[in-house]
Structure formats: structure tokens, C-alpha cells
Amino acid sequence: MKLYYSPGACSLATHIVMAELNMAYEIEAVNLSDKTCMTGDYKKINMQGSVPALKMDNGEILTEGSIITQYLADQKNDGMILGKFGTTERYRTLEWMNYISMEIHKNFSPLFSTDKKFTNTQTQEDVKNYFKTILTEKFNFVSEKMNTNLFLMGNNFTIADAYMFTCMTWAKYVGMDMGQWSNLNTYMSRVMERPSVLKAMREEGLLK
Ligand SMILES: N[C@@H](CCC(=O)N[C@@H](CS)C(=O)NCC(=O)O)C(=O)O
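Reference entry: report on the structure contained in this document. From a predicted model like this one, the values you see are computed outputs, not experimental measurements.

So, on to the overall build of the protein. Along its length, the protein carries seven helices and six strands. Of the regular secondary structure in the protein, the N- to C-terminal order runs β-α-β-β-β-β-β-α-α-α-α-α-α. In terms of C-alpha radius of gyration, the protein reaches 17 Å, essentially the compact-globule figure of 17 Å for 208 residues. Judged by the C-alpha coordinates and their principal axes, the protein covers about 50 × 45 × 35 Å. Taken over 208 residues, the protein has a buried fraction of 29%. Here the contacts in the protein between residues at least 6 apart in sequence split such that 62% fall between residues at least 24 apart.

Moving on, we get to the site of the ligand. By nearness alone, every residue bordering the ligand is listed as Ala-9, Cys-10, Leu-32, Gly-49, Ser-50, Val-51, Pro-52, Glu-64, Gly-65, Ser-66, Ser-101 and Ser-109. At the level of elements, helix H2 (65-76) and helix H3 (88-117) are the ones that each hand at least two residues to the shell around the ligand. Broken down by class, the residue content of the shell around the ligand amounts to five nonpolar, six polar and one charged.

Residue position: Asn-58 is located in the loop between strand E5 (53-55) and strand E6 (61-63). Asn-58 sits in the exposed class, given 5 other C-beta atoms within 10 Å. Along the chain, Asn-58 and Ile-68 lie 10 residues apart, while their C-alpha atoms are 14 Å from each other.

With 30 residues, H3 extends 42 Å between its outermost C-alpha atoms, agreeing within 8% with the 44 Å of an ideal straight helix rising 1.5 Å per residue. The largest bend in H3 comes to about 35°, at Ile-100. Listing the buried residues of H3 in full gives Thr-93, Trp-96, Met-97, Ile-100, Ile-104, Phe-108 and Leu-111. Of the surrounding secondary structure, the elements contacted by the buried residues of H3 are H2, helix H4 (121-146) and helix H5 (159-168).

Parameters and conventions
- Every chain's residues receive numbers from 1 upward, in the order its sequence appears when written.
- Totals for whole chains, interfaces and linings use all residues, but because this is a predicted model, local features are given only for residues with pLDDT of at least 70 and pairs of side-chain atoms are given and counted only at 80 or more.
- Strands here mean DSSP runs of E at least two residues long; helices mean DSSP runs of H or I at least four residues long; both are numbered from the N terminus.
- Here the globule rule reads 2.2 Å times residues to the power 0.38, and the radius of gyration is calculated from C-alpha atoms.
- Every C-beta atom is placed from the backbone, and the number of other C-beta atoms within 10 Å of a residue's own sets its class: buried at 20 or more, exposed at 12 or fewer, partly exposed in between.
- By definition, residue pairs are in contact when their C-beta atoms, positioned from the backbone, come within 7 Å.
- Using a C-beta atom placed from the backbone, a residue is described as near a molecule or strand when that atom lies within 6 Å of it.
- Under the scheme applied here, ten amino acids are nonpolar (Ala, Val, Leu, Ile, Met, Phe, Trp, Tyr, Cys and Pro), four are charged (Asp, Glu, Lys and Arg), and all others, including Gly, are polar.
- By definition here, a helix of n residues has an expected span of 1.5 Å times n minus one.
- The angle between axes fitted to the seven-residue stretch ending at a residue and the seven-residue stretch beginning at it gives the bend at that residue.

Structure below.
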């Protein structure tokens, strides 16, 4: 299996899941600006030009991080990082996955491109503040729902934590102060201690 990734992008969640499952995998970095990778034109691999993309052992390419992580967890199917088929736990974890994808990830995305899309500095600020206000509401919800739980699903780390952690690392890049959510900060430190997270971050050059 090979993961196409960009350092620190949402593909980090997939990378963490592969490490958490102790899988044998390769990784290949993608330059998202010019859509190239070591093996050439990345759009020939994923025509959308986005990461993550997974080259499965049968040679097919699977995209959409939320689905790739389900696919990976199901290779093990031990119910550890994603509940087994038919269990409520599975759908609760997938409920988080969809929430993170739709409500967190995609409200961060515009914050990375505002300066390129708008030339007027006031417009840039207005757009950034708009998305930061939305994200604040989302983090209020996540913080309340998590309460003092160790992880999103309670005591066990799941694929949803790999995704939430990855998105929350972006706050510092977009100048969003996370100080008001002390339980989320503790949660980030807890996830950061996991060997799988450290391994994936090191492999992406995000840590020494
Ligand atoms: N729907 C995709 C979206 C993936 C996505 O937004 N990837 C970003 C990085 S976090 C990306 O590759 N952006 C560059 C681009 O789309 O050109 C998924 O959930 O996997």
C-alpha cells in the first residue's frame, strides 16, 4: 500500500491510522502547488489533485480520507479503532468522521487560500474572521461533547481522533487561538503522545 500525502495536510490522519494499525506501507509526498510527485504527474494518480490518495495492494487508487481510514480499519477488523460492522459504536465513530469532514476540515480550508483568492486586505480579514467564527462554534460543540473524555469516543482512540487531531494542528497556522478550550488542549497533548502519531509526524518531516 502506498499513501500519497502532503506534510501536515489532512492526509496525516490516514498516515496516523496506518501507523496505529502497524501496517506495512510506503508514502510518497505530493507537491500540491504544481500537482507533482516523485513519480511524475500526480493528476494521473488522482485526477482531483488532492491528498490523501491510497494505492491499494490491488493497484487501485482510493480517495476521500474518511473512507480510506474506514477501509484501513476494516483490513484489521478488530473493532479497536473503528467498531465492527453493525455496532452502534461504529456509526458513532462515523458520525464524528462526517462531522469533522464537513464542519471542521472544510471550514479550515478557506483560511489557507484567502490571501491568494482576495487582493483586498480588508476582504481577506473579513473572510478569515467569518470562518474563524464558524470554527469557534464547532469547537464549542466538540469541547462540550468531549467533556472530560480521553478521546472523542470515550476511552479508546479511533480513526476520528486521527482526523480531529490533524485538523486541530492547523489552528496555529491560521492564527486561531485554541486557549479557551482547555479540555481540547489536553486532548491534543494526549493524542500527540501516541507512538503512531509521533511516527507519522516524523515520517512527514513535521518532527525531528
Ligand atoms: N474530500 C477530500 C478532500 C481532501 C482535501 O481537502 N485535501 C487537501 C489537503 S487537506 C488538498 O489536497 N488540497 C489541495 C487541492 O485540493 O488542490 C477528502 O476528504 O479526502
